[in-house]
Structure formats: structure tokens, C-alpha cells
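# Examining the three-dimensional arrangement
In case you want the letters, here they are:
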Amino acid sequence: MSDYQQRYAASLMNTFGPPKLVLTHGQGAHVWDEDGNEYVDFLGGIAVNALGHAHPALVEAVTSQIGKLGHISNFFTSEPQVELAEKLLGLLGSSPGEGKVFFTNSGTEANEAAFKLTRRTGRTHVVVAEGGFHGRTMGALALTSKEAYRAPFEPLPGDVTFVPYGDADALAAAVTDETAAILLEPIQGEAGVVVPPEGYLASARTIADDHGALLWLDEVQSGMGRTGQWFAHTGVTPDVVTVAKGLGGGFPIGACIALGAAGDLLQPGNHGTTFGGNPVACAAALAVIRTIEDDELLEHVTVLGQKLRDGLAADPRVTEVRGEGLLIGLDLSADASAEVVAAAQKAGFILNNPTPKRIRLAPPLVLTVDDANALLAAWPGILDEAGLQ
């Protein structure tokens, strides 16, 4: 254990367990530890570092903005805040006046805002999918199904019904005229990148409409270009979308975006935040979006993601590969995901194991073809090192 790891254990709360590495710097999709070892980062800060590390557009945007205006509170506004709100609405096919944005600092805060927004309908019931993950704060945790996360903190804010993900019939049976909202991830990230059946989100839209409920889609992990499209919920118009993670490319920012009439549900005094909409965070997010557009990264993500999925699936010890773009999950032939992650790190690749049998990849959108080829070339050896037969 290094000096910093020992100091970490002595000074930080043990909420994450011991850190795997002490990282010192990064460039693109590569990071280096304190011993000078280099790794290709296929986790991307858990789908956060959209532009990788030290991207010049992000560095320039943050540096320039902090040199002009850092923090102003929400008694005032700034150009980056307004421009980012307008841009997000545009990416969702809406426009100012047809939707409204509330900025936060994280995904769980975006979901807290959306949860409170649903209460302003006058209803309290929310229907959520099993396997979904929406955050660790008390409201967001109430909407997260994993028992190990929930049990130590119960009772949680109530009137939540969990149904199997991807089962439209179960969803229809659970939603009533007292339901405030249906909450779904278009692709479940923490569950191991689970993609719903074709037409599931469209069915959810119809069910919500039939009962006067809101359709709330959590795009915290799947949004902002990660799937090769700005959002994963193509072909469906939600009432509420929450985003974070890749939005700021590593700078903390999230957003609760409400479309149509839902945009007017939160009124003065209903919610607040000190740092949400911070000019520097908004400038960072604008730089991320503009770079994705200017560098045509959506097409890059689509093509490279398919290459990775095909290459990873070629080994018979991988029983299934799922996902879109650079949000990729795979199942192993045995419960060896921890061993695979350890073997990959030893080989110079950072991966993630959300469940004992599943591996998740969510690398920077700027991942290169050479980076992808390096992992695919090393992949059989990684599985060998992990003991998979």
C-alpha cells in the first residue's frame, strides 16, 4: 500500500473501500498512476469523462470562465447558464418556452429535483423498474431497487412500486390514475448495461398518457452522446429527462429537464441549489457539447462501439454483449468479473464489474481505434489470467 493509500484510509470515510490506484494525470483515454504505470481508461470515471482527460477545449473553457466569473448564486444568471439550458432543450427537440431546465451538481441531485417535481402533480405514486439505479441521496435511493443500498436507510420516502424492467404488461398493471410518474432508464447502466425490448419505452409513454402520469427518463449514464446519439430514448418524447455524468466532461453538473407543461411544475420556493447552474460548470458543459458536435463524435462512438462489441463477443467465454455506442456490458461464462477487472488492470486497462458475472465499459467518447484494438488484442489473455475456461 502506497503512502497516499495509507493516508486515504486514515483521513477519508470508508464509503468506497480502499482505492485501487493513486492516479496522477491523464491524457485522452489514458491515465498514469504514482509509479508511472499507464492504463487505458475504459471506465471514463463511470461514463463521466466524455472528452477524456486534459482535453484542450474543456481546459480552455473552464480556465477562461473562472478568470471572468466564477460563482454568482441563483439570484443572478450568466450567459453560459442560459445558453446551456437552451442547448439542452434543443438537443431534446424542444425550445425555450416549450420546456424548462433546473441545473444541479450531480445525477442524484437531478433525480431529487425530478422526484420533487412529480409531487407537484398532486400525486405521490411512482412506478420504477427493478435493477434501476437513480442515486444515493434519500429521495433518489427510494427510487433505486437494490436492497443492499436501501435497507440500512429505511424508511425511505414512500409510495414507490418496483416492476420488472422491460415488461410492459407489468408496467401497465402497476400504473393507476393515482400515479405521478413512471421512472425508467432507457438503458440500465449500474445493472450491467441492460437494454429493454424494442417498443418498451413507447409502451411506457402510452401507459403514462392513459393515466395522466409523467414519463421520466433517467439519462444520467446513457445520455450526452454515450450511445452514439445525444439521448438513448429515440422515438419517444418524455416529460422529464435527467442528465449528469458526461454532461460536464468531469466538471460536476447535472440537469433536470422538463418538457411541455411539466416545465412549470416547480415554482419559486419549491426547490433550490447553491452551486447549480454555476457559470464555470455551464461553460464546461457547453464545451463538451460543442466538441462532440464539431469533432463528429456521435458517428465515431457508433462505429467504435460496434467494433468493440463484436470483438469482445468473439471469445466464447463471453456469453452475451449488450449496449449501444460506448456504453457496453457483457456477461461472462462464470462469476469471475472481479478477477477479470484485476487481470485487465494488470495488463494496463481499467474496466468495471457491476455484478459478479458482468463487465461494464464506458470509456471516453474520444477513445481511439488504437485504444480499442489494444484491448481486443489483450482480451483473450485477460480472460486466461482471470482463470476463465
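This text goes with the structure placed above it.
In this text, all values refer to a predicted model and were calculated from it rather than measured experimentally.

What follows covers the pattern of salt bridges. Scanning all chains against the criterion turns up 15 salt bridges. Between aspartate 264 and lysine 100 there is a salt bridge, with the nearest N and O atoms lying 3.1 Å from each other. Placement of the pair is aspartate 264 in the loop between strand 10 (254–259) and helix 10 (279–294) and lysine 100 in strand 4 (residues 99–104), with a sequence separation of 164 residues. The structure contains a network of salt bridges with shared partners spanning Glu320, Arg322, Asp331 and Arg358.

This part takes up the side chain of asparagine 49. Among the structural elements, asparagine 49 can be located in the loop between helix 2 (44–47) and helix 3 (56–66). Other than its neighbours up to four places away in sequence, asparagine 49 contacts Asp41, Gly44, Gly249, Gly250, Pro364 and Leu365.

Let us look at the packing of helix 12 (residues 337–347) against helix 13 (residues 369–385). For the pair helix 12 and helix 13, the least separation of the axes is 8 Å and the interaxial angle reads 130°. Between helix 12 and helix 13, the angle falls in the class oblique. Between helix 12 and helix 13 lies a crossing whose hand is right-handed. Of helix 13, the residues touching helix 12 (which contributes Val340, Ala343, Ala344, Lys346 and Ala347) are Trp379, Ile382, Leu383 and Glu385. In terms of residue class, the contact of helix 12 with helix 13 is built from seven nonpolar, no polar and two charged.

Attention shifts here to the packing of helix 3 against helix 10. Two quantities define a packed helix pair, namely the angle between the helix axes and the distance between the axes. Interhelical geometry of helix 3 versus helix 10 gives an angle of 155° and a closest axis separation of 8 Å. With respect to their mutual orientation, helix 3 and helix 10 come out roughly antiparallel. With respect to the hand of their crossing, helix 3 and helix 10 are arranged in right-handed fashion. When helix 3 is examined against helix 10, the residues Ala57, Leu58, Ala61, Val62, Gln65 and Ile66 are found in contact with a partner set consisting of Pro279, Val280, Ala283, Ala284, Ala287, Val288 and Thr291. Per-class residue counts for the contact of helix 3 with helix 10 are eleven nonpolar, two polar and no charged.

This brings us to the environment of valine 280. When you line up the elements, valine 280 lands in helix 10. Measuring from C-alpha to C-alpha, the distance between valine 280 and alanine 61 comes to 7.9 Å, with 219 residues separating the pair along the chain.

Turning our eyes to something else, we now look at a negative patch on the surface. On the surface, a cluster of negative charge is made up of Asp294, Asp295, Glu296 and Glu299. The residue glutamate 296 is located in the loop between helix 10 and helix 11 (297–313) in this model.

A large share of strand 10 lies buried, amounting to six of its six residues. Where strand 4 lies against strand 10, six bridges are found, and the strand directions are antiparallel. Bridge assignment links phenylalanine 102 to a residue of strand 10, and that residue is cysteine 256. Relative to strand 10, strand 9 (residues 240–243) runs antiparallel, the two sharing four bridges.

Taken as a whole and judged by the stated rule, the model has zero disulfides. There is no disulfide at cysteine 256, and the cysteine sulfur nearest it, in cysteine 282, is 15 Å away. Judged by its relative accessible area of 0%, cysteine 282 is buried.

Cut-offs applied
Residues numbered from 1 in each chain as written. Predicted model: local features only at pLDDT ≥ 70, side-chain atom pairs only at ≥ 80, totals over all residues. Heavy atoms only, no water. Salt bridge = Lys/Arg side-chain N within 4 Å of Asp/Glu carboxyl O. Helix = DSSP H or I, 4+ residues; strand = E, 2+ residues; numbered from the N terminus. Contact = heavy atoms within 4.5 Å. Axes fitted to C-alpha atoms, helices over the stretch in contact; angles between N-to-C directions. Parallel < 35°, antiparallel > 145°, perpendicular 65-115°, else oblique. Left-handed = near helix turned anticlockwise from the far one by under 90°. Nonpolar A, V, L, I, M, F, W, Y, C, P; charged D, E, K, R; others polar. Patch = residues over 30% accessible without salt bridge, like charges linked within 9 Å, V, L, I, M, F, W, Y side chains within 5 Å. Areas by Shrake-Rupley, 256 points an atom, 1.4 Å probe, with all protein chains shown as cover. Lys, Arg positive; Asp, Glu negative; His and termini not counted. Charge placed at Lys NZ, Arg CZ, Asp CG, Glu CD. Buried < 20%, exposed > 50% of the residue type's maximum accessible area, 1.4 Å probe, protein only. Pairing = 2+ DSSP bridges. Disulfide = S-S within 2.5 Å.

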